[in-house]
Amino acid sequence: MKPVLAAIAIAAAAAFAQPQQGPWSEQPPLAGRPGGPNQPPPDSDPGAAQHGVARISFMTGNVSVRRGDSAELTAAVVNAPLTIGDRVVTGDGGRAEVQLDSANFFRLAPSSEVRLSELQRGRYQIQIAAGSIVYRVLRDSSAQVEISTPSISLRPLHTGVYRVNVNPDEITEITLRNGADGEVFGPRGSEQIHNNSTMMVRGSSDDPEFQMTAPAAEDDFDRWSASRDQTLLRATSPGRVNRDIYGAEDLDPYGRWVNDGAYGQVWVPTVGPGWAPYACGRWVWVDYYGWTWLGCEPWAWAPYHFGRWYYGSFGWAWWPGPIYGGVFWRPALVGFFGWGAPGFGVSVGFGWGFANVGWVPLAPYERFRPWWGPAGYGGAIVNVNVVNLYRNARVANGVTSIRAGEFGRTSVTPATMIRANANDLARAGAVNGRLPIPVANESRQFSSVRPGTAGIPRTAENTRFFSSAAFRTGGAMSAGGARGAESGAARSNNGGWQRMNPSGSGGASWQRFPSGNNAAPRYGSQPQVRINPSIVQNPGSQNRGGYSPAPFSVPRGGGAPRGGGGAPRGGGSRGGGGHGGHG
């Protein structure tokens, strides 16, 4: 038995071993290194495309998140990670911006609630339970997007501003500005909506009716949203990183880009002496991904979920990785280890025999070992010398540790840190795979601050949101929008759209959506529609999770919007639940 155990230990240790070369900060990205030239080391996460993560990119006032995995309300913070099932809720005076990727954002007015019902790579569905939002397609995008309300859904088709109000009187108001173009879906068909127009929708989700009106006047929320656009569009850092990296807009005010030899352009934060990455913040538990780093710095998204850190001639620097090729979001780019004898009453879970949990930022080209999904199942702890294993452990402040019993339960600050000496690091246990630390109630909180409830919408849990058949089935959208299924009713001559049928009970200006059934869409056989400027209908080799999205048009001048609807902010009585049809 002992020889077998010894062989297992040797094999496990060999998996961590890495060849040591000269000064690591000067090592070039050679073709022989893992992943090939200009590519990060490989890691195994086949579910990454199906498990997208959004973030709260800006907030002011009373903003909370109701976690989808626990239904608990937690106070929101900037850079809080959001996954499918989470809800963002604003109260009196609260405003929030949520970033889905480098091109797609949505913003909540006070007293609003938005639920994330689909969040995959390039495929998003948000549900507006109450209040007002601005959905902003800021840059060219190939994402499929659906904005669902209890009665209808909206598909953005171009860059632009999409203002949607779900009012207390159950009337939905949609206003498009700044070059926006979209399609509104009802249960029996769909209608196009164009830039500088407003659509009012009323009635039940079974058979809503609508009318087109002049564009609604802009209000303070529109002007605030426009100011956010201007801030984002002025940022230069997004142009220096891979298109799949989002959140780089925050870097400009807090550091500088420098050329550091073989690594090319790297970002150096403006920080005080003694600062180190992954040393101020907290570990939170996120559905699917498990332990996720939530940094305290205002820029703490892109540099903690993409790329690598190293210490060189400029101090700590963030290398964003290759400009080309697909990259995925990660909960943290660190290596975990345990150290210190646990002593009486310190062990916090099965398989963890250390008093403290430590982590170190991964340097460029060091292998990343996921602790979630198939790669993280089981896990193993191997006795190693951390300094030999991780190059950043050689930096004076490169290692951060906390008591095992406090991991994921409190913030990481100088008061909660535990310093490891050279002997501790030489006898540590490196974690390969799952970190065997139990999840506490505090682990799902983004902050120790109690969430505010004043003015938040009171929404029901069982509300159903309309979703178009095209989105439910993953059908591709042509640039000209989907078409309602043909019925016996006469068609108009404007590209095959059905004529509107006046409502007998809704007044002369209210009209029903065209008859037909979009439950069996023919989007795959639709001819491509040329628009100006011309765009590629099906981006070639990029893998977007198996979908064939239609790209938005190239931004028209890149300017900020000039407002949206001025309807009263929300508060309605509807709430809750699922996606897919009237799920």
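The residue count restarts for each chain, going from 1 along the sequence in the order it is written. Given that this is a predicted model, residues contribute local features only at a pLDDT of at least 70 and side-chain atom pairs are listed and counted only at 80 or more, while totals for whole chains, interfaces and linings are drawn from all residues. Note that the side-chain values use all heavy atoms of the structure and ignore hydrogens as well as water.

Participant: Just checking my understanding: could you explain the overall build of the protein chain for this structure?
Facilitator: Secondary structure elements follow DSSP: runs of H or I of four or more residues count as helices, runs of E of two or more count as strands, with numbering from the N terminus. Tallying secondary structure elements over the protein chain gives seven helices and 30 strands in all. Carbon and sulfur atoms make up 52% of the accessible area of the protein chain, which totals about 22,900 Å². Note on areas: Shrake-Rupley with a 1.4 Å probe; residue coverage comes only from the protein chains shown.

Participant: Explanation requested: the state of the cysteines in the structure shown.
Facilitator: By convention in this document, the label disulfide applies to cysteine sulfur atom pairs within 2.5 Å. Taken as a whole and judged by the stated rule, the model has one disulfide. Between the sulfur of Cys280 and that of Cys296 lies a disulfide, 2.0 Å long from S to S. Disulfide Cys280-Cys296: torsion about the S-S bond near 120 degrees, hence right-handed. Taken together, the residues Cys280 in the loop between β19 (265-269) and β20 (281-286) and Cys296 in the loop between β21 (290-295) and α3 (302-305) connect sequence positions 16 residues apart. The partly exposed category is assigned to Cys296, whose relative accessible area is 45%. We call a residue buried when its accessible area falls under 20% of the maximum for its residue type, exposed when it is over 50%, and partly exposed in between, using a 1.4 Å probe and counting protein chains only.

Participant: Explanation requested: the environment of Gln445 in the structure shown.
Facilitator: On the secondary structure map, Gln445 appears in the loop between β28 (428-432) and α7 (469-472). Taking the C-alpha atoms as reference, Gln445 lies 9.6 Å from Thr410; in sequence the two are 35 residues apart.

Participant: For this particular structure, what's the right way to read the side chain of Ser237?
Facilitator: Position of Ser237 relative to the elements: it lies in the loop between α2 (220-234) and β18 (255-259). Here, two residues are considered to be in contact whenever any of their heavy atoms come within 4.5 Å of each other. Not counting the four nearest positions on each side in its chain, Ser237 is found in contact with Ala248, Leu251, Asp252 and Trp257.

Participant: Could you clarify how one ought to interpret unusual backbone geometry in this entry?
Facilitator: Residues apart from glycine generally show negative phi values, whereas peptide bonds are mostly found in trans. For Glu170, which is not glycine, the phi dihedral falls at a positive 70 degrees. Relative to the assigned elements, Glu170 resides in the loop between β12 (160-166) and β13 (172-177). Residue Glu170 is classed as partly exposed on the basis of its relative accessible area, which comes to 40%. Positive phi is not limited to glycine here, since Tyr365 has a value of about 70 degrees. Positionally, Tyr365 belongs in the loop between β25 (356-361) and α4 (373-376).

Participant: What exactly am I supposed to notice about the pattern of salt bridges here?
Facilitator: Where charged atoms from two side chains of opposite charge approach closely, those side chains can pair. The rule for a salt bridge is simple: a side-chain nitrogen of Lys or Arg has to be within 4 Å of a carboxyl oxygen of Asp or Glu. Summed over all chains, the structure comprises 20 salt bridges. Among the ionic pairs, Asp207 bridges to Arg188, the shortest N-O distance being 3.9 Å. One end of the pair, Asp207, is in the loop between β16 (197-202) and β17 (209-213); the other, Arg188, is in the loop between β14 (182-186) and β15 (189-193), and 19 residues separate them in sequence. Of the residues examined, Asp207 reaches a relative accessible area of 26% and is grouped as partly exposed. Its relative accessible area of 30% is what places Arg188 among the partly exposed residues. For Glu218, the salt bridge identified is with Arg223, shortest N-O distance 3.8 Å.

Participant: Which parts of the structure should I look at to understand the nonpolar core?
Facilitator: In a soluble, globular protein the nonpolar side chains are often hidden away together inside. Trp283, Trp318, Phe336, Trp359 and Phe407 are the most contacted members of the largest nonpolar core, which has 63 residues in total. For this core, the secondary-structure elements that each account for two or more residues are β21, α3, β23 (315-319), β24 (334-339), β25, β26 (380-384), α5 (386-389) and β28. Per-element tally for this core: the top contributor is β24, with four residues. Definition used in this section: a nonpolar core is a set of buried Ala, Val, Leu, Ile, Met, Phe, Trp, Tyr and Cys residues joined via side-chain atoms within 4.5 Å. Counting 43 residues, the second-largest nonpolar core is a separate cluster that includes Ala96, Tyr124, Val137 and Ala180.

Participant: Would you explain the packing of aromatic side chains in this entry?
Facilitator: Aromatic rings in a pair are described by how distant their centres are and how their planes are angled relative to each other. Only rings of Phe, Tyr and Trp enter the pairing, Trp through its six-membered ring, and a pair is recorded when the two centres are within 6.5 Å. The plane angle decides the type: under 30 degrees is stacked, over 60 is edge-to-face, the rest tilted. By the definition in use, this model includes 36 aromatic pairs. Judged by centre distance (5.5 Å) and plane angle (45 degrees), the rings of Trp299 and Tyr304 are tilted. The exposure classification of Trp299 matches that of Tyr304, with both residues buried. Here Trp299 and Trp309 contribute two aromatic rings whose centre-to-centre distance is 6.1 Å and whose plane-to-plane angle is 45 degrees, an arrangement assigned as tilted.

Participant: Before we go on, may I ask you to explain the sheet that holds β24 in this structure?
Facilitator: Think of a sheet as strands paired side by side through backbone hydrogen bonds, with each pair either parallel or antiparallel. Spatial ordering of the open sheet is given by β26-β28-β24-β25-β27, a layout of five strands whose pairing is antiparallel. Two strands lie at the open edges of the sheet, namely β26 and β27 (400-403), each paired on one side alone. Neighbouring strand axes in the sheet, compared pairwise and without regard to direction, differ in orientation by 30 degrees on average. Paired strands are those between which DSSP finds at least two bridges. With five bridges joining them, β26 and β28 adopt antiparallel strand pairing. Directly across from Ile381, in β28, lies its bridge partner Val431. Only the stretch in contact is used when fitting a helix axis, every axis being a line fitted to C-alpha atoms; angles between N-to-C directions are given from 0 to 180 degrees.

Participant: How should the pairing of strand β10 (residues 144-148) be read in this particular structure?
Facilitator: Each regular strand displays side chains that alternate between the two surfaces of the sheet. Counting buried positions along β10 yields five of five residues, so the element is predominantly enclosed. Neither face of β10 is open: one carries Gln144, Glu146 and Ser148, the other Val145 and Ile147, and all of them are buried. Across five bridges, strand β9 (residues 123-137) lies against β10 in parallel orientation. Its bridge partner being in β10, Gln127 is matched across the sheet by Ser148.

Participant: Which parts of the structure should I look at to understand the environment of Gly61?
Facilitator: Within the element layout of this structure, Gly61 appears in the loop between β1 (54-60) and β2 (63-66). As for Gly61 and Gly93, which are separated by 32 residues in sequence, their C-alpha atoms are 5.5 Å apart.

Participant: Before we go on, may I ask you to explain the side chain of Thr175 in this structure?
Facilitator: Structurally, Thr175 can be placed in strand β13. Within polar-contact distance, the side chain of Thr175 engages the side chain of Thr198 at 2.8 Å. We define a polar contact as two N or O atoms separated by no more than 3.5 Å, with the added condition that, inside protein, one atom must be a possible hydrogen donor and the other a possible acceptor, whereas residues neighbouring each other in sequence contribute only through side-chain atom pairs.

Participant: I would appreciate a short explanation of the pairing of β20 in the present structure.
Facilitator: Within β20, five of the six residues are buried, leaving the element largely enclosed by the surrounding structure. The turn joining β20 and β21, which pair antiparallel and follow one another in sequence, is formed by three residues; a positive phi near 75 degrees is taken by Tyr288.

Participant: Please clarify how the confidence of the model for the protein chain should be interpreted in this entry.
Facilitator: Close inspection of predicted coordinates is inappropriate in any region flagged by low pLDDT. As a per-residue quantity, pLDDT reports the predictor's confidence and falls between 0 and 100. Taken over all residues, the pLDDT of the protein chain has a mean of 78, while the share at 70 or more is 72%. Confidence drops under pLDDT 50 across residues 344-350; counting only partners more than four residues distant or on other chains, this segment forms ten contacts.

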